[in-house]
Amino acid sequence: MRPTKATILTMATASALVLAACGGGDTAADGDGGGADGRSLRLALNQTEEHPSFIALENFGSTLDEATDGRWSIDVYPNETLGAQAEALQLVSDGSVEMAIVSGPQLENLNEDFVVFNLPKVFDDVEHQMSVIHDPEITGDLYASLEESNSVTVLGGFTQGARSVYTTFGPVTTPDDLAGKKMRVQESDLHIAMAEALGASATPMAYGELYTGLQSGVVDAAENNEVSFHTQRHYEVAPHWSQTNHLVGLDYLIINSDVLAEMSEEDRAAFDEAWTAAHEEHTELWMTATEEAIAAAEAGGATFNEVDEAAFDAVLAPLAEEFITNESQQALFDAARAAAE
């Protein structure tokens, strides 16, 4: 369900109070990053301090601070300190917060063309995904599309990794194995359609309720990346991981467009270079975290199983035709697929 304007305004007001409590405003004047004459950009993040996103963004801020001699730096606020992603998006739009990490469906609410990069099988793997979303020849118009209407510039993104299915009842080889099974999904038309295409009965459920839902039998299956499968300990109650790789998830880094325009040409170049280093570091950290998560989950009793990839590809392919509704979306999809060839 998309938030109403009234809800967003209410959340933004509440988050503004959080900003005041956190010492929001000119953090440089308070002696924080950026030096006496510098500016520190607040960045809202929904992950913990141990997450690859936080680590890469912290290093992004340090690199930027050094490269600009303290004129610009970044303070990362993890754990939804500045609000959940819908709130953070609104706060960046109105300038109360300068930067945020938000998931693909959040931007889809502002421009439906972002749905293309949320589709199953649009990306073959993380490497393919990163090459597409950081290619200005493909993404330039899309990323600039929110500047005039929302004062938001999209800079690129971080991978959420390849998502696969895990179950309480045993391994899955084909979509037929999910027939009649209840799968937890995000509350999104696309994710509901995706679960049904995979053969399951879609069951929207809050992420925080999923462990109990799997344990109690409210749902029989879920889908996510290996890192979350391990860190949320879902392998304890749904130990059968089936490598469907049906979707490579994506988070975007956004910045208030007016703030970005304030940078000198020299500082913008330093900013862009530091951001490139950050998303490249994040990808490396993510790959390492994935390997470690698989090993830890296996040690905890999980099994990782191969699937009939052709069978899953066949049922997921029609989703692109269903959810691509205009020429610009089709052009984005075609460009993304061409990059894999």
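By convention here, each chain's residues receive numbers from 1 onward along its written sequence. Per-residue local features of the predicted model are confined to residues with pLDDT of at least 70, and side-chain atom pairs are confined, for both listing and counting, to 80 or more; whole-chain, interface and lining totals are unaffected and use all residues. Each side-chain value is worked out from all heavy atoms of the structure, with water and hydrogens disregarded.

### What about the overall build of the protein?
Okay, step 1: In this description a helix means any DSSP run of H or I spanning at least four residues, a strand means any run of E spanning at least two, and both kinds are numbered starting from the N terminus. Scanning the protein for helices and strands turns up 15 helices and 9 strands.
Okay, step 2: Any two residues whose heavy atoms approach within 4.5 Å are treated as being in contact. Counted over contacts in the protein with a minimum sequence separation of 6, partners at least 24 positions apart contribute 75%.
Okay, step 3: Using a 1.4 Å probe, accessible areas were evaluated by the Shrake-Rupley method; residue-level cover was limited to the displayed protein chains. Of the roughly 14800 Å² of accessible surface on the protein, 48% is carried by carbon and sulfur atoms.

### Structural notes on the environment of E309
Okay, step 1: Residue placement: E309 occurs in helix α13 (residues 309–316).
Okay, step 2: Burial classes: relative accessible area under 20% of the type maximum marks a residue as buried, over 50% as exposed, and values in between as partly exposed (1.4 Å probe, protein chains only). By relative accessible area, E309 is classed as partly exposed at 48%.
Okay, step 3: Residues E309 and T244, spaced 65 residues apart in sequence, show a C-alpha to C-alpha distance of 6.8 Å.

### Brief notes about helix α5 (residues 126–133)
Okay, step 1: Most of α5 is tucked away: 6 of the 8 residues are buried.
Okay, step 2: Residues of α5 that are buried include every one of V126, H128, Q129, M130, V132 and I133, and no others.
Okay, step 3: Taken together, the buried residues of α5 touch α6 (136–144), β4 (152–167), β8 (240–256), α12 (265–299) and α15 (327–338).
Okay, step 4: Two N or O atoms form a polar contact when they lie within 3.5 Å of each other; inside protein one atom must be a possible hydrogen donor and the other a possible acceptor, and for residues adjacent in sequence the pair counts only when both atoms belong to side chains. Of the residues flanking the start of α5, the one acting as N-cap is D125, its side-chain oxygen 3.3 Å from the backbone nitrogen of E127.

### Observations concerning the confidence of the model for the protein
Okay, step 1: Chain-level pLDDT for the protein is 90 on average; 89% of the residues reach the 70-or-more range.
Okay, step 2: For residues 1–36, every residue scores under 50 in pLDDT, and the model assigns this stretch 45 contacts once sequence neighbours within four places are set aside. Think of pLDDT as the predictor's per-residue confidence, scored from 0 to 100.

### Here's the deal with the pairing of strand β5 (residues 182–185)
Okay, step 1: Whether two strands pair comes down to DSSP finding at least two bridges between them. Relative to strand β6 (residues 201–204), β5 runs parallel, the two being bridged by 4 bridges. If you follow R184 over to β6, its bridge partner there is T203.
Okay, step 2: On the question of chirality, the crossover connecting β5 to the parallel β6 by way of helix α8 (residues 189–197) is right-handed. A crossover gets the label right-handed when its path from the first strand over the helix to the second runs clockwise, viewed with the strands pointing away from the viewer.

### Overview of the side chain of N118
Okay, step 1: In this fold, N118 is placed in the loop between α4 (104–108) and α5.
Okay, step 2: Here E108 takes part through its side chain, which lies 2.7 Å from a polar atom of the side chain of N118.
Okay, step 3: Residues contacting N118, with those up to four places away along its chain left out, are G104, P105, E108, L190 and L247.

### Regarding the pairing of β8
Along a regular strand, successive side chains alternate from one face of the sheet to the other.
Okay, step 1: Here β8 lies mainly inside the structure; 15 of its 17 residues are buried.
Okay, step 2: Of the pairings in the sheet, the one linking β4 to β8 comprises 13 bridges and is antiparallel in character. Paired with A162 across the two strands is V248, which belongs to β8.
Okay, step 3: Pairing between β8 and strand β9 (residues 303–305): 3 bridges, direction parallel. Bridged to W241 within β9 is F304.

### A word on the nonpolar core
Nonpolar side chains tend to gather and get buried jointly when the protein is soluble and globular.
Okay, step 1: Side-chain atoms within 4.5 Å link the members of a nonpolar core, which is a set of buried Ala, Val, Leu, Ile, Met, Phe, Trp, Tyr and Cys residues. With 58 residues, the main nonpolar core has L107, F117, M183, Y252 and I254 as its most contacted residues.
Okay, step 2: With residues up to four places along the chain from it excluded, the contact list for M183 reads V165, L178, A195, L198, A200, S201, A202, T203, A221, A222 and E223.
Okay, step 3: Ranked by size, the runner-up nonpolar core spans 24 residues in total, among them L41, A56, F60 and A274.

### Re the packing of aromatic side chains
Okay, step 1: Between rings of Phe, Tyr and Trp, where Trp is taken as its six-membered ring, a pair exists when centres lie within 6.5 Å; planes separated by under 30 degrees are stacked, by over 60 edge-to-face, and by other angles tilted. Within the structure shown, the criterion is met by 12 aromatic pairs.
Okay, step 2: Their ring planes at 45 degrees and their centres at 5.8 Å tell us that F60 and W275 sit as a pair that is tilted. With F60 in helix α2 (residues 52–67) and W275 in helix α12, this residue pair connects regions lying 215 residues apart in the sequence.
Okay, step 3: Using a relative accessible area of 1% as the deciding quantity, one classes F60 as buried.
Okay, step 4: Taking the relative accessible area as the measure of exposure, W275 reaches 4% and is therefore buried.
Okay, step 5: For the pair F158 and W275, a centre-to-centre distance of 5.4 Å together with 40 degrees between the ring planes defines the contact as tilted. Placement of F158 in strand β4 and of W275 in helix α12 is noted, with a sequence separation of 117 residues between them.
Okay, step 6: Among the residues examined, F158 registers a relative accessible area of 0% and is labelled buried.
Okay, step 7: Feature note: the residues Y166, F229, Y235, W241 and F304 constitute an aromatic cluster, connected by ring pairs.
Okay, step 8: A ring is scored as having a charge over it whenever the NZ atom of a lysine or the CZ atom of an arginine sits within 6 Å of its centre and within 35 degrees of its normal. Lying over the aromatic face of F169, K181 brings its terminal NZ or CZ to 4.6 Å of the ring centre.

### Some remarks on the pattern of salt bridges
Okay, step 1: What makes a salt bridge here is a side-chain nitrogen of Lys or Arg within 4 Å of a carboxyl oxygen of Asp or Glu, nothing more. In total, this model carries 10 salt bridges according to the counting rule given.
Okay, step 2: With a closest N to O distance of 2.6 Å, E262 and R39 form a salt bridge. Taken together, the residues span a long stretch of sequence, with E262 in the loop between α11 (257–261) and α12 and R39 in strand β1 (residues 39–44) at a distance of 223 residues.
Okay, step 3: Classification of E262 by relative accessible area gives partly exposed; the value is 47%.

### What about the side chain of D251?
Okay, step 1: Along the polypeptide, D251 turns up in strand β8.
Okay, step 2: One buried charged residue, D251, forms no salt bridge at all, with the nearest opposite charge on R163 at 8.4 Å.
Okay, step 3: A polar side-chain atom of D251 sits 2.7 Å from a polar atom in the side chain of Q160.
Okay, step 4: Those residues in contact with D251, other than ones at most four positions away along the chain, are Q85, I101, V102, S103, G156, G157, F158 and Q160. When charges are counted, Lys and Arg contribute as positive and Asp and Glu as negative, whereas His and the chain ends are disregarded.

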